[in-house]
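Observations on the three-dimensional arrangement
As a plain string of letters, each chain reads:
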Amino acid sequence: MTWWQPGVLYQIYPRSFADSNGDGIGDMDGITGHLDHLRGSPGSLGVDAIWVSPFFRSPGADFGYDVSDYTDIDPVYGDLAAFDRLLAAAHERGLRVLLDLIPGHTSVEHPWFRAARSSRTDPHRRLYIWADPTPDGGPPNGWTSTFGGSAWEWDEGSGQYYLHSFYPEQPDLDWREPAVHERIGEVVRFWLQRGVDGFRVDAIDRSIKDPLLRENPPALPGPRRFDSFRGQYHLWNKDRPETLDVVRSIRRSAERVKPGSLLLGESYIPIERLARYLGDHPGDAFDLVFDFPFLDSAWDAGALRHAVEAAEAHFPPSGWPCRALSNHDNPRHATRFGRGSLRAAAMLSLTLRGTPVLYMGEEIGMADVPASAGEALDRAGRDAARTPMQWRDEPGAGFTSGEPWLRIGDTSSVNVADQAEDPGSLLSLYRRLIAERAASPALASGSYRGLDTSPESGVFAYVRESGTERSLVAIECRGRAGSHDLFAAARGSLPKTGRLALSTDTSRPSSDDLDLSHVDLAANEGIIVSL
Ligand code: GLC
(Lines give C-alpha, C1' and ligand atoms only; values in the text may rest on other atoms or scores of the structure.)
Protein backbone atom coordinates (compact mmCIF):
# COMPACT_ATOMS: atom_id res chain seq x y z
CA MET A 1 0.00 0.00 0.00
CA THR A 2 1.34 3.40 -0.96
CA TRP A 3 0.82 6.53 1.18
CA TRP A 4 -1.49 8.08 -1.36
CA GLN A 5 -4.00 5.25 -1.75
CA PRO A 6 -5.57 5.68 1.69
CA GLY A 7 -4.54 9.36 1.63
CA VAL A 8 -6.53 12.53 1.10
CA LEU A 9 -5.12 15.29 -1.11
CA TYR A 10 -5.95 18.98 -0.81
CA GLN A 11 -5.61 21.46 -3.65
CA ILE A 12 -4.36 24.94 -2.85
CA TYR A 13 -4.82 27.69 -5.41
CA PRO A 14 -1.99 29.84 -4.07
CA ARG A 15 -3.33 33.21 -5.26
CA SER A 16 -6.34 32.68 -3.04
CA PHE A 17 -5.25 30.72 0.02
CA ALA A 18 -3.67 33.26 2.36
CA ASP A 19 -1.95 36.62 1.83
CA SER A 20 0.87 37.34 4.29
CA ASN A 21 1.96 40.76 3.01
CA GLY A 22 -1.26 42.65 2.38
CA ASP A 23 -0.97 42.93 -1.40
CA GLY A 24 -4.30 41.16 -1.83
CA ILE A 25 -2.73 38.06 -3.41
CA GLY A 26 -2.02 34.81 -1.59
CA ASP A 27 1.60 33.76 -1.18
CA MET A 28 4.02 31.09 0.09
CA ASP A 29 4.31 32.49 3.61
CA GLY A 30 0.52 32.65 3.72
CA ILE A 31 0.33 28.92 3.03
CA THR A 32 3.07 28.17 5.57
CA GLY A 33 1.18 30.20 8.17
CA HIS A 34 -2.03 28.21 7.67
CA LEU A 35 -0.77 24.64 7.73
CA ASP A 36 -2.51 24.11 11.10
CA HIS A 37 -5.74 23.98 9.16
CA LEU A 38 -4.49 21.02 7.16
CA ARG A 39 -2.46 18.70 9.35
CA GLY A 40 -0.47 18.37 12.53
CA SER A 41 -2.61 20.32 15.02
CA PRO A 42 -5.54 19.15 17.16
CA GLY A 43 -8.16 20.88 14.99
CA SER A 44 -6.59 20.04 11.62
CA LEU A 45 -8.48 18.48 8.75
CA GLY A 46 -5.96 15.66 8.66
CA VAL A 47 -5.20 15.62 4.95
CA ASP A 48 -2.06 13.80 3.76
CA ALA A 49 -0.75 16.05 1.02
CA ILE A 50 -1.23 19.40 -0.64
CA TRP A 51 -1.12 20.00 -4.35
CA VAL A 52 -0.23 23.64 -4.93
CA SER A 53 -1.31 25.11 -8.26
CA PRO A 54 1.51 26.95 -10.11
CA PHE A 55 3.51 29.64 -8.35
CA PHE A 56 6.42 29.70 -10.82
CA ARG A 57 7.52 32.85 -12.59
CA SER A 58 4.78 33.79 -14.98
CA PRO A 59 3.38 36.84 -16.75
CA GLY A 60 -0.01 35.55 -15.61
CA ALA A 61 -1.93 35.29 -18.89
CA ASP A 62 -3.37 32.03 -17.48
CA PHE A 63 -2.73 32.85 -13.80
CA GLY A 64 0.46 30.83 -13.53
CA TYR A 65 -0.28 28.11 -16.10
CA ASP A 66 1.91 30.14 -18.47
CA VAL A 67 5.37 29.62 -17.01
CA SER A 68 8.34 31.83 -17.87
CA ASP A 69 10.75 30.11 -15.44
CA TYR A 70 9.99 26.61 -14.17
CA THR A 71 12.59 26.68 -11.45
CA ASP A 72 11.91 29.98 -9.74
CA ILE A 73 9.06 31.39 -7.70
CA ASP A 74 7.09 34.31 -9.05
CA PRO A 75 7.92 37.33 -6.84
CA VAL A 76 4.22 37.82 -6.12
CA TYR A 77 4.29 34.54 -4.15
CA GLY A 78 7.73 34.93 -2.54
CA ASP A 79 11.04 33.32 -3.39
CA LEU A 80 12.81 29.99 -3.22
CA ALA A 81 13.67 30.53 0.44
CA ALA A 82 9.96 31.00 1.19
CA PHE A 83 9.24 27.83 -0.76
CA ASP A 84 11.85 25.92 1.25
CA ARG A 85 10.24 27.15 4.47
CA LEU A 86 6.86 25.93 3.27
CA LEU A 87 8.23 22.54 2.29
CA ALA A 88 10.07 22.09 5.59
CA ALA A 89 7.04 23.17 7.64
CA ALA A 90 4.77 20.83 5.70
CA HIS A 91 7.12 17.87 6.04
CA GLU A 92 7.51 18.51 9.76
CA ARG A 93 3.79 17.84 10.06
CA GLY A 94 3.86 14.78 7.88
CA LEU A 95 2.15 16.69 5.08
CA ARG A 96 3.48 15.86 1.63
CA VAL A 97 3.78 18.48 -1.09
CA LEU A 98 2.91 18.09 -4.77
CA LEU A 99 3.66 20.77 -7.32
CA ASP A 100 1.99 21.48 -10.62
CA LEU A 101 4.09 20.38 -13.58
CA ILE A 102 3.09 22.06 -16.83
CA PRO A 103 4.85 20.07 -19.52
CA GLY A 104 2.68 20.99 -22.50
CA HIS A 105 3.43 24.65 -22.99
CA THR A 106 5.51 27.55 -21.70
CA SER A 107 4.75 31.24 -21.59
CA VAL A 108 5.59 33.34 -24.65
CA GLU A 109 7.94 35.11 -22.24
CA HIS A 110 9.93 31.96 -21.45
CA PRO A 111 13.55 32.39 -22.59
CA TRP A 112 13.18 29.19 -24.66
CA PHE A 113 10.34 30.70 -26.65
CA ARG A 114 11.97 34.12 -26.95
CA ALA A 115 15.00 32.39 -28.43
CA ALA A 116 12.83 30.11 -30.58
CA ARG A 117 11.06 33.01 -32.24
CA SER A 118 14.24 35.06 -32.62
CA SER A 119 15.29 33.09 -35.72
CA ARG A 120 14.36 29.96 -37.62
CA THR A 121 17.83 28.57 -37.04
CA ASP A 122 17.97 29.11 -33.30
CA PRO A 123 18.38 25.70 -31.58
CA HIS A 124 15.34 26.45 -29.37
CA ARG A 125 13.12 26.63 -32.45
CA ARG A 126 12.60 22.89 -32.40
CA LEU A 127 11.25 22.91 -28.83
CA TYR A 128 7.99 24.33 -30.20
CA ILE A 129 5.61 23.48 -33.06
CA TRP A 130 5.94 25.72 -36.11
CA ALA A 131 4.29 25.52 -39.51
CA ASP A 132 4.12 27.56 -42.68
CA PRO A 133 0.95 29.39 -43.64
CA THR A 134 -1.34 28.04 -46.31
CA PRO A 135 -0.86 29.65 -49.75
CA ASP A 136 -3.42 32.33 -48.87
CA GLY A 137 -1.52 33.14 -45.67
CA GLY A 138 -3.97 31.41 -43.32
CA PRO A 139 -3.14 29.03 -40.44
CA PRO A 140 -1.81 25.57 -41.38
CA ASN A 141 -5.07 23.85 -40.42
CA GLY A 142 -8.38 24.52 -38.73
CA TRP A 143 -7.54 23.22 -35.22
CA THR A 144 -9.19 25.30 -32.52
CA SER A 145 -7.75 26.07 -29.10
CA THR A 146 -9.42 25.15 -25.82
CA PHE A 147 -10.10 28.78 -25.03
CA GLY A 148 -11.49 29.60 -28.48
CA GLY A 149 -10.23 30.73 -31.88
CA SER A 150 -7.51 29.16 -33.97
CA ALA A 151 -4.87 27.06 -32.21
CA TRP A 152 -2.29 28.76 -34.44
CA GLU A 153 -0.75 32.19 -33.86
CA TRP A 154 1.17 34.04 -36.54
CA ASP A 155 4.70 35.01 -35.59
CA GLU A 156 5.48 38.03 -37.70
CA GLY A 157 9.20 38.11 -36.95
CA SER A 158 9.99 34.58 -38.10
CA GLY A 159 7.21 34.23 -40.68
CA GLN A 160 5.58 31.04 -39.40
CA TYR A 161 2.66 30.02 -37.22
CA TYR A 162 3.17 28.44 -33.79
CA LEU A 163 0.71 26.09 -32.14
CA HIS A 164 -1.04 26.79 -28.82
CA SER A 165 -3.63 24.41 -27.35
CA PHE A 166 -4.65 27.06 -24.83
CA TYR A 167 -4.11 30.86 -24.97
CA PRO A 168 -1.82 32.34 -27.66
CA GLU A 169 0.43 33.32 -24.74
CA GLN A 170 1.01 29.56 -24.12
CA PRO A 171 2.98 28.12 -27.07
CA ASP A 172 2.92 24.30 -27.11
CA LEU A 173 6.16 22.41 -26.55
CA ASP A 174 6.87 19.68 -29.10
CA TRP A 175 7.11 16.37 -27.23
CA ARG A 176 8.25 14.59 -30.38
CA GLU A 177 11.51 16.46 -29.82
CA PRO A 178 13.99 14.71 -27.48
CA ALA A 179 15.30 18.06 -26.18
CA VAL A 180 11.86 18.72 -24.69
CA HIS A 181 12.05 15.46 -22.75
CA GLU A 182 15.43 16.57 -21.41
CA ARG A 183 14.38 20.10 -20.50
CA ILE A 184 11.21 19.06 -18.66
CA GLY A 185 13.14 16.16 -17.12
CA GLU A 186 15.48 18.75 -15.61
CA VAL A 187 12.51 20.60 -14.13
CA VAL A 188 11.25 17.37 -12.56
CA ARG A 189 14.70 16.69 -11.12
CA PHE A 190 15.10 20.24 -9.80
CA TRP A 191 11.96 20.08 -7.63
CA LEU A 192 12.32 16.48 -6.51
CA GLN A 193 15.89 17.16 -5.44
CA ARG A 194 14.58 20.13 -3.49
CA GLY A 195 12.33 17.72 -1.65
CA VAL A 196 8.85 17.74 -3.19
CA ASP A 197 6.90 14.50 -3.18
CA GLY A 198 5.46 14.49 -6.66
CA PHE A 199 3.46 16.39 -9.24
CA ARG A 200 0.02 16.98 -10.58
CA VAL A 201 0.77 16.93 -14.29
CA ASP A 202 -1.15 19.50 -16.31
CA ALA A 203 -3.08 18.89 -19.54
CA ILE A 204 -1.06 15.83 -20.50
CA ASP A 205 -3.34 14.88 -23.40
CA ARG A 206 -2.21 17.94 -25.38
CA SER A 207 1.44 17.03 -25.43
CA ILE A 208 1.35 15.07 -28.72
CA LYS A 209 -0.35 16.03 -31.99
CA ASP A 210 -0.66 14.44 -35.38
CA PRO A 211 2.59 15.19 -37.27
CA LEU A 212 0.63 15.46 -40.54
CA LEU A 213 -1.59 18.14 -38.97
CA ARG A 214 -4.73 16.41 -40.25
CA GLU A 215 -7.98 18.34 -39.94
CA ASN A 216 -10.35 17.57 -37.06
CA PRO A 217 -13.88 16.53 -38.05
CA PRO A 218 -16.64 18.98 -37.16
CA ALA A 219 -18.22 18.68 -33.71
CA LEU A 220 -20.94 16.12 -33.22
CA PRO A 221 -24.30 17.38 -32.02
CA GLY A 222 -25.05 17.34 -28.32
CA PRO A 223 -22.84 18.07 -25.33
CA ARG A 224 -19.65 16.02 -25.50
CA ARG A 225 -17.33 18.12 -23.46
CA PHE A 226 -14.31 15.85 -23.50
CA ASP A 227 -13.65 15.48 -27.20
CA SER A 228 -16.00 17.77 -28.95
CA PHE A 229 -15.57 21.45 -28.17
CA ARG A 230 -14.94 24.72 -29.97
CA GLY A 231 -16.67 23.44 -33.07
CA GLN A 232 -14.71 20.27 -33.66
CA TYR A 233 -13.99 16.73 -32.57
CA HIS A 234 -10.40 16.90 -31.34
CA LEU A 235 -9.18 13.64 -32.82
CA TRP A 236 -5.81 14.72 -34.12
CA ASN A 237 -4.57 17.18 -31.50
CA LYS A 238 -5.66 15.57 -28.22
CA ASP A 239 -5.04 12.24 -26.51
CA ARG A 240 -2.90 10.72 -29.26
CA PRO A 241 -1.64 7.19 -28.49
CA GLU A 242 1.98 8.36 -28.21
CA THR A 243 1.06 10.49 -25.19
CA LEU A 244 1.78 7.49 -22.97
CA ASP A 245 5.45 7.77 -24.01
CA VAL A 246 5.46 11.33 -22.67
CA VAL A 247 4.09 10.14 -19.34
CA ARG A 248 6.68 7.37 -19.19
CA SER A 249 9.41 9.88 -19.91
CA ILE A 250 8.29 12.08 -17.00
CA ARG A 251 8.04 8.94 -14.85
CA ARG A 252 11.64 7.97 -15.69
CA SER A 253 12.90 11.45 -14.85
CA ALA A 254 11.14 11.26 -11.49
CA GLU A 255 12.28 7.73 -10.68
CA ARG A 256 15.92 8.65 -11.28
CA VAL A 257 15.77 11.20 -8.46
CA LYS A 258 13.10 9.96 -6.10
CA PRO A 259 11.57 6.55 -6.66
CA GLY A 260 7.93 6.40 -5.66
CA SER A 261 7.22 10.08 -6.33
CA LEU A 262 3.52 10.56 -6.93
CA LEU A 263 2.47 11.49 -10.46
CA LEU A 264 -1.16 12.53 -10.81
CA GLY A 265 -2.31 13.24 -14.35
CA GLU A 266 -4.87 15.75 -15.55
CA SER A 267 -6.80 14.86 -18.69
CA TYR A 268 -10.42 15.56 -19.60
CA ILE A 269 -11.18 12.38 -21.55
CA PRO A 270 -13.57 9.44 -21.18
CA ILE A 271 -12.67 6.94 -18.48
CA GLU A 272 -11.72 4.05 -20.78
CA ARG A 273 -9.06 6.18 -22.41
CA LEU A 274 -7.99 7.69 -19.12
CA ALA A 275 -7.21 4.21 -17.81
CA ARG A 276 -4.45 3.85 -20.40
CA TYR A 277 -2.42 6.55 -18.67
CA LEU A 278 -1.89 4.24 -15.72
CA GLY A 279 0.41 2.21 -17.97
CA ASP A 280 0.96 -1.54 -17.93
CA HIS A 281 1.85 -1.95 -14.28
CA PRO A 282 2.14 0.19 -11.14
CA GLY A 283 4.98 2.68 -11.47
CA ASP A 284 4.95 2.49 -15.28
CA ALA A 285 3.17 5.77 -16.02
CA PHE A 286 0.83 7.88 -13.85
CA ASP A 287 -0.05 6.62 -10.38
CA LEU A 288 -3.35 8.43 -10.47
CA VAL A 289 -5.45 10.25 -13.04
CA PHE A 290 -8.34 12.57 -12.24
CA ASP A 291 -11.71 11.00 -13.00
CA PHE A 292 -13.36 14.04 -14.64
CA PRO A 293 -16.44 12.14 -15.80
CA PHE A 294 -17.13 11.79 -12.05
CA LEU A 295 -16.60 15.53 -11.50
CA ASP A 296 -19.03 16.15 -14.36
CA SER A 297 -21.68 13.86 -12.93
CA ALA A 298 -24.99 15.30 -11.78
CA TRP A 299 -25.95 14.92 -8.10
CA ASP A 300 -28.07 11.89 -8.88
CA ALA A 301 -27.75 8.39 -7.45
CA GLY A 302 -27.82 6.66 -10.84
CA ALA A 303 -25.40 9.07 -12.52
CA LEU A 304 -22.94 8.94 -9.62
CA ARG A 305 -23.03 5.15 -9.46
CA HIS A 306 -22.45 5.00 -13.19
CA ALA A 307 -19.44 7.32 -13.01
CA VAL A 308 -17.94 5.50 -10.03
CA GLU A 309 -18.37 2.04 -11.50
CA ALA A 310 -17.13 3.06 -14.93
CA ALA A 311 -13.77 3.83 -13.31
CA GLU A 312 -13.90 0.66 -11.20
CA ALA A 313 -14.65 -1.44 -14.27
CA HIS A 314 -12.29 0.16 -16.78
CA PHE A 315 -9.22 0.56 -14.61
CA PRO A 316 -6.69 -2.26 -14.51
CA PRO A 317 -6.88 -4.39 -11.34
CA SER A 318 -3.95 -2.48 -9.86
CA GLY A 319 -5.49 0.88 -10.82
CA TRP A 320 -6.68 3.25 -8.12
CA PRO A 321 -9.29 5.94 -8.84
CA CYS A 322 -8.77 9.61 -8.02
CA ARG A 323 -11.71 11.96 -7.73
CA ALA A 324 -12.41 15.60 -7.08
CA LEU A 325 -15.78 17.32 -6.90
CA SER A 326 -14.35 20.79 -7.46
CA ASN A 327 -11.20 22.47 -8.70
CA HIS A 328 -9.97 25.82 -10.03
CA ASP A 329 -11.28 25.16 -13.56
CA ASN A 330 -14.89 24.20 -12.89
CA PRO A 331 -17.87 25.62 -11.03
CA ARG A 332 -17.75 24.55 -7.38
CA HIS A 333 -19.99 21.66 -6.41
CA ALA A 334 -21.72 23.80 -3.78
CA THR A 335 -23.03 25.74 -6.75
CA ARG A 336 -23.59 22.82 -9.13
CA PHE A 337 -25.26 20.46 -6.64
CA GLY A 338 -26.76 23.03 -4.29
CA ARG A 339 -25.99 23.61 -0.62
CA GLY A 340 -28.38 20.93 0.63
CA SER A 341 -26.17 18.13 -0.67
CA LEU A 342 -22.81 19.32 0.69
CA ARG A 343 -22.67 17.06 3.74
CA ALA A 344 -23.65 13.99 1.75
CA ALA A 345 -21.19 14.95 -1.01
CA ALA A 346 -18.39 15.11 1.58
CA MET A 347 -19.27 11.62 2.76
CA LEU A 348 -19.35 10.33 -0.81
CA SER A 349 -16.01 11.82 -1.71
CA LEU A 350 -14.29 10.50 1.43
CA THR A 351 -15.71 6.98 1.40
CA LEU A 352 -15.36 5.85 -2.21
CA ARG A 353 -12.50 3.57 -3.20
CA GLY A 354 -9.87 5.97 -4.49
CA THR A 355 -7.91 9.05 -3.50
CA PRO A 356 -10.10 12.12 -2.96
CA VAL A 357 -8.74 15.54 -3.86
CA LEU A 358 -10.43 18.30 -1.89
CA TYR A 359 -10.43 21.79 -3.34
CA MET A 360 -9.63 24.51 -0.79
CA GLY A 361 -12.80 25.97 0.64
CA GLU A 362 -15.06 23.03 -0.09
CA GLU A 363 -14.63 21.94 3.53
CA ILE A 364 -16.51 25.04 4.65
CA GLY A 365 -18.99 24.96 1.77
CA MET A 366 -17.62 27.76 -0.37
CA ALA A 367 -19.73 28.30 -3.48
CA ASP A 368 -18.97 30.16 -6.68
CA VAL A 369 -18.69 33.91 -6.32
CA PRO A 370 -19.60 35.29 -9.74
CA ALA A 371 -17.61 38.31 -10.85
CA SER A 372 -19.78 41.30 -11.63
CA ALA A 373 -19.49 43.01 -14.98
CA GLY A 374 -16.13 44.68 -15.38
CA GLU A 375 -14.54 42.60 -12.61
CA ALA A 376 -13.76 39.45 -14.61
CA LEU A 377 -10.06 38.65 -14.79
CA ASP A 378 -9.83 35.13 -16.22
CA ARG A 379 -10.61 35.26 -19.93
CA ALA A 380 -11.99 31.72 -19.76
CA GLY A 381 -14.50 32.71 -17.07
CA ARG A 382 -13.18 30.67 -14.14
CA ASP A 383 -12.84 33.43 -11.51
CA ALA A 384 -15.96 32.35 -9.59
CA ALA A 385 -14.34 29.12 -8.38
CA ARG A 386 -11.05 30.83 -7.50
CA THR A 387 -12.10 33.43 -4.94
CA PRO A 388 -10.14 33.83 -1.70
CA MET A 389 -10.33 31.34 1.13
CA GLN A 390 -12.72 32.49 3.83
CA TRP A 391 -10.84 32.16 7.11
CA ARG A 392 -12.88 34.53 9.27
CA ASP A 393 -16.05 36.58 9.16
CA GLU A 394 -14.45 40.00 8.78
CA PRO A 395 -13.47 42.37 5.97
CA GLY A 396 -10.76 40.62 3.95
CA ALA A 397 -12.02 37.29 5.39
CA GLY A 398 -8.73 36.75 7.25
CA PHE A 399 -7.31 36.16 3.76
CA THR A 400 -5.80 39.62 3.35
CA SER A 401 -5.40 42.90 5.17
CA GLY A 402 -5.42 44.62 1.78
CA GLU A 403 -7.69 44.71 -1.26
CA PRO A 404 -8.33 41.11 -2.38
CA TRP A 405 -7.45 40.30 -5.99
CA LEU A 406 -10.93 38.76 -6.46
CA ARG A 407 -14.15 39.61 -4.70
CA ILE A 408 -14.66 37.50 -1.56
CA GLY A 409 -17.89 35.55 -0.99
CA ASP A 410 -20.32 35.88 1.92
CA THR A 411 -18.33 34.98 5.03
CA SER A 412 -21.16 35.17 7.54
CA SER A 413 -21.42 31.43 8.09
CA VAL A 414 -18.98 30.16 5.50
CA ASN A 415 -15.67 30.68 7.31
CA VAL A 416 -13.09 28.46 8.97
CA ALA A 417 -12.98 30.14 12.40
CA ASP A 418 -16.69 29.83 13.17
CA GLN A 419 -17.04 26.34 11.73
CA ALA A 420 -13.99 25.12 13.66
CA GLU A 421 -15.85 25.86 16.91
CA ASP A 422 -19.10 24.24 15.83
CA PRO A 423 -19.33 20.43 16.08
CA GLY A 424 -22.31 20.47 13.71
CA SER A 425 -20.49 22.39 10.94
CA LEU A 426 -19.47 21.10 7.54
CA LEU A 427 -15.82 21.59 8.51
CA SER A 428 -16.29 19.38 11.58
CA LEU A 429 -17.92 16.74 9.39
CA TYR A 430 -14.96 16.78 6.97
CA ARG A 431 -12.60 16.28 9.91
CA ARG A 432 -14.66 13.39 11.25
CA LEU A 433 -14.90 11.75 7.85
CA ILE A 434 -11.17 12.05 7.24
CA ALA A 435 -10.46 10.62 10.69
CA GLU A 436 -12.98 7.81 10.15
CA ARG A 437 -11.38 6.99 6.80
CA ALA A 438 -7.88 7.00 8.28
CA ALA A 439 -8.97 4.64 11.06
CA SER A 440 -10.81 2.19 8.81
CA PRO A 441 -8.93 -0.16 6.48
CA ALA A 442 -12.24 -0.86 4.69
CA LEU A 443 -12.88 2.80 3.90
CA ALA A 444 -9.25 3.69 3.27
CA SER A 445 -8.22 0.85 1.04
CA GLY A 446 -10.91 -1.81 0.85
CA SER A 447 -12.72 -3.14 -2.17
CA TYR A 448 -15.85 -1.49 -3.60
CA ARG A 449 -19.17 -3.09 -4.48
CA GLY A 450 -22.28 -1.13 -5.44
CA LEU A 451 -25.70 -2.14 -4.09
CA ASP A 452 -28.53 -2.70 -6.48
CA THR A 453 -30.77 0.12 -5.27
CA SER A 454 -33.46 1.18 -7.71
CA PRO A 455 -32.83 4.44 -9.54
CA GLU A 456 -36.20 5.71 -8.23
CA SER A 457 -35.01 5.33 -4.64
CA GLY A 458 -32.50 8.14 -5.11
CA VAL A 459 -30.02 6.27 -2.93
CA PHE A 460 -26.47 5.47 -3.91
CA ALA A 461 -25.22 2.68 -1.67
CA TYR A 462 -22.02 0.63 -1.64
CA VAL A 463 -19.98 -1.67 0.52
CA ARG A 464 -16.30 -1.24 1.25
CA GLU A 465 -14.52 -4.29 2.55
CA SER A 466 -11.05 -5.15 3.81
CA GLY A 467 -10.31 -8.42 5.59
CA THR A 468 -13.03 -8.90 8.17
CA GLU A 469 -14.02 -5.25 8.23
CA ARG A 470 -17.02 -4.15 6.20
CA SER A 471 -18.73 -0.78 5.90
CA LEU A 472 -21.92 0.08 4.10
CA VAL A 473 -22.31 3.64 2.84
CA ALA A 474 -25.71 4.95 1.76
CA ILE A 475 -26.26 8.42 0.34
CA GLU A 476 -29.67 9.96 -0.23
CA CYS A 477 -29.30 12.13 -3.34
CA ARG A 478 -32.85 13.10 -4.26
CA GLY A 479 -33.49 15.39 -1.32
CA ARG A 480 -36.43 13.33 0.00
CA ALA A 481 -36.75 11.49 3.29
CA GLY A 482 -37.73 7.85 3.04
CA SER A 483 -37.22 4.30 4.18
CA HIS A 484 -35.04 2.00 2.07
CA ASP A 485 -34.54 -1.74 1.87
CA LEU A 486 -30.77 -2.03 1.58
CA PHE A 487 -30.87 -5.68 2.66
CA ALA A 488 -32.79 -6.54 -0.51
CA ALA A 489 -30.59 -4.26 -2.60
CA ALA A 490 -27.58 -6.29 -1.43
CA ARG A 491 -29.15 -9.49 -2.82
CA GLY A 492 -28.13 -11.63 0.07
CA SER A 493 -24.60 -10.32 0.45
CA LEU A 494 -25.27 -8.35 3.66
CA PRO A 495 -26.36 -9.31 7.18
CA LYS A 496 -29.79 -8.16 8.36
CA THR A 497 -28.47 -5.51 10.74
CA GLY A 498 -25.56 -3.16 11.17
CA ARG A 499 -24.34 -0.47 13.54
CA LEU A 500 -24.59 3.16 12.53
CA ALA A 501 -21.02 4.48 12.66
CA LEU A 502 -21.58 7.99 11.33
CA SER A 503 -24.35 10.03 9.81
CA THR A 504 -24.11 13.39 8.07
CA ASP A 505 -26.89 14.27 10.49
CA THR A 506 -24.67 14.42 13.56
CA SER A 507 -27.65 14.53 15.91
CA ARG A 508 -28.51 10.94 14.99
CA PRO A 509 -27.20 8.63 17.72
CA SER A 510 -24.28 6.68 16.33
CA SER A 511 -24.77 3.50 18.35
CA ASP A 512 -28.16 2.75 16.77
CA ASP A 513 -28.62 -0.77 15.54
CA LEU A 514 -30.06 -0.58 12.06
CA ASP A 515 -32.38 -3.04 10.42
CA LEU A 516 -31.01 -2.95 6.89
CA SER A 517 -34.36 -3.76 5.35
CA HIS A 518 -35.84 -0.54 6.78
CA VAL A 519 -33.16 2.13 6.70
CA ASP A 520 -34.62 5.56 7.28
CA LEU A 521 -32.71 8.32 5.56
CA ALA A 522 -33.48 12.00 5.88
CA ALA A 523 -33.33 14.18 2.76
CA ASN A 524 -29.69 14.37 1.61
CA GLU A 525 -28.49 12.22 4.47
CA GLY A 526 -25.46 10.00 4.17
CA ILE A 527 -24.66 7.18 6.59
CA ILE A 528 -21.78 4.82 7.24
CA VAL A 529 -22.87 1.50 8.75
CA SER A 530 -20.43 -0.99 10.22
CA LEU A 531 -21.40 -4.55 9.40
C1 GLC B 1 -5.12 22.88 -17.03
C2 GLC B 1 -5.24 23.84 -15.86
C3 GLC B 1 -5.93 25.08 -16.33
C4 GLC B 1 -5.09 25.71 -17.41
C5 GLC B 1 -4.80 24.72 -18.53
C6 GLC B 1 -3.68 25.21 -19.39
O7 GLC B 1 -6.37 22.44 -17.47
O8 GLC B 1 -5.89 23.22 -14.80
O9 GLC B 1 -6.13 25.99 -15.28
O10 GLC B 1 -5.73 26.84 -17.93
O11 GLC B 1 -4.40 23.47 -18.06
O12 GLC B 1 -2.46 25.10 -18.72
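Definitions and cut-offs
Residues numbered from 1 in each chain as written. Predicted model: local features only at pLDDT ≥ 70, side-chain atom pairs only at ≥ 80, totals over all residues. Heavy atoms only, no water. Helix = DSSP H or I, 4+ residues; strand = E, 2+ residues; numbered from the N terminus. Rg over C-alpha atoms; globule rule 2.2 N^0.38 Å. Buried < 20%, exposed > 50% of the residue type's maximum accessible area, 1.4 Å probe, protein only. Contact = heavy atoms within 4.5 Å. Areas by Shrake-Rupley, 256 points an atom, 1.4 Å probe, with all protein chains shown as cover. Domains from an automatic or database assignment. Buried area = accessible area lost by both parts, 1.4 Å probe. Salt bridge = Lys/Arg side-chain N within 4 Å of Asp/Glu carboxyl O. Polar contact = N/O pair within 3.5 Å; in protein donor to acceptor, adjacent residues only side chain to side chain. Nonpolar A, V, L, I, M, F, W, Y, C, P; charged D, E, K, R; others polar. Pairing = 2+ DSSP bridges. Axes fitted to C-alpha atoms, helices over the stretch in contact; angles between N-to-C directions. Parallel < 35°, antiparallel > 145°, perpendicular 65-115°, else oblique. Core = buried A, V, L, I, M, F, W, Y, C linked by side-chain atoms within 4.5 Å. 1 Å grid on protein atoms, 1.4 Å probe; cavity = no way out; pocket = protein on both sides within 12 Å on 5 of 7 lines; lining within 4 Å. Points joined across faces, edges and corners; volume = space filled by probe spheres on them. Near = heavy atom within 4 Å. Sits in = over half its atoms within 2 Å of the grid points.

With that out of the way, let us pick up the overall build of the protein chain. Across its full length, the protein chain holds 14 helices and 23 strands. Scaling as 2.2 N^0.38, a compact globule of 531 residues should have a C-alpha radius of gyration of about 24 Å, and the protein chain matches this with 24 Å. For the protein chain, the spread of C-alpha atoms along the three principal axes comes to 75 × 50 × 50 Å. Here the protein chain, with 531 residues, has 60% of them falling under the buried criterion. Pairs at least 24 residues apart make up 67% of the contacts formed inside the protein chain by residues separated by at least 6 positions. Of the accessible surface of the protein chain, which amounts to about 19,600 Å², a share of 51% is contributed by carbon and sulfur atoms.

Attention shifts here to the domain arrangement of the protein chain. By domain assignment, the protein chain separates into domain 1 (9–102 + 292–435) and domain 2 (445–530). Summing both partners gives a buried area of about 1,900 Å² for domain 1 against domain 2, and 66% of it is carried by carbon and sulfur. A per-residue breakdown of the area domain 1 buries against domain 2 is headed by Ala 301, Arg 305 and Met 347, which together make up 28% of the total. Counting across the domain 1 and domain 2 interface gives one salt bridge. Here Arg 305 and Asp 452 are joined by a salt bridge, their closest N and O atoms 3.6 Å apart. Counting across the domain 1 and domain 2 interface gives seven residue pairs in polar contact (both at pLDDT 80 or more). Split by residue class, the side of domain 1 that touches domain 2 holds 11 nonpolar, four polar and seven charged.

Here we take up the sheet that holds strand 12 (residues 262–265). In spatial order, the strands read 13-12-9-5-2-1-15-14; together these eight strands make up an open sheet with parallel pairing. Strands at the two margins of the open sheet, each flanked by one partner only, are strand 13 (288–289) and strand 14 (322–323). Note: strand 1 (residues 9–12) against strand 2 (residues 49–52), four bridges, orientation parallel. Considered in strand 2, the bridge of Gln 11 is made with Trp 51.

All right, on to the packing of helix 2 (residues 80–92) against helix 4 (residues 178–194) then. At a minimum axis separation of 11 Å, helix 2 and helix 4 run at an interaxial angle of 55°. By the angle class used here, helix 2 and helix 4 are oblique. Of helix 4, the residues touching helix 2 (which contributes Leu 80, Phe 83, Asp 84 and Leu 87) are Phe 190, Trp 191 and Arg 194. Each residue belonging to the contact of helix 2 with helix 4 can be placed in one class, and the counts come to five nonpolar, no polar and two charged.

Let's shift gears to the nonpolar core. Core analysis: the largest hydrophobic core is formed by 141 residues, its most contacted members being Tyr 10, Phe 17, Leu 38, Phe 55, Trp 191, Phe 199 and Phe 460. Leaving out residues up to four positions away in the same chain, Trp 191 has contacts with Phe 55, Phe 56, Tyr 70, Thr 71, Asp 72, Ile 73, Leu 80, Phe 83, Leu 99, Val 196 and Phe 199. Counting 17 residues, the second largest nonpolar core, distinct from the first, contains Leu 451, Ala 461, Ala 474 and Leu 514.

As a further point, take the layout of surface pockets. In this structure, the largest pocket occupies an estimated 730 Å³ of space. Looking at the largest pocket, it is lined by 34 residues, and the ones nearest its centre are Thr 146, Arg 225, Tyr 268, Asp 329 and Arg 382. Among the residues forming the lining of the largest pocket, the class breakdown is 12 nonpolar, seven polar and 15 charged.

This brings us to the site of the ligand. Taken together, 13 residues sit near the ligand, with Asp 62, Asp 202, Glu 266, His 328 and Asp 329 positioned nearest. Within the side chain of His 105, a nitrogen or oxygen atom sits 2.9 Å from an oxygen atom of the ligand. In this structure, an oxygen atom belonging to the ligand sits 2.5 Å away from a side-chain N or O atom of Asp 329. Considering the ligand on its own, with 300 Å² of exposed area, one finds that the protein chains cover 96% of that surface. Taking a 2 Å distance to the grid points as the criterion, the majority of the atoms of the ligand fall inside the largest pocket. Of the residues that constitute the shell around the ligand, the class distribution is three nonpolar, three polar and seven charged.

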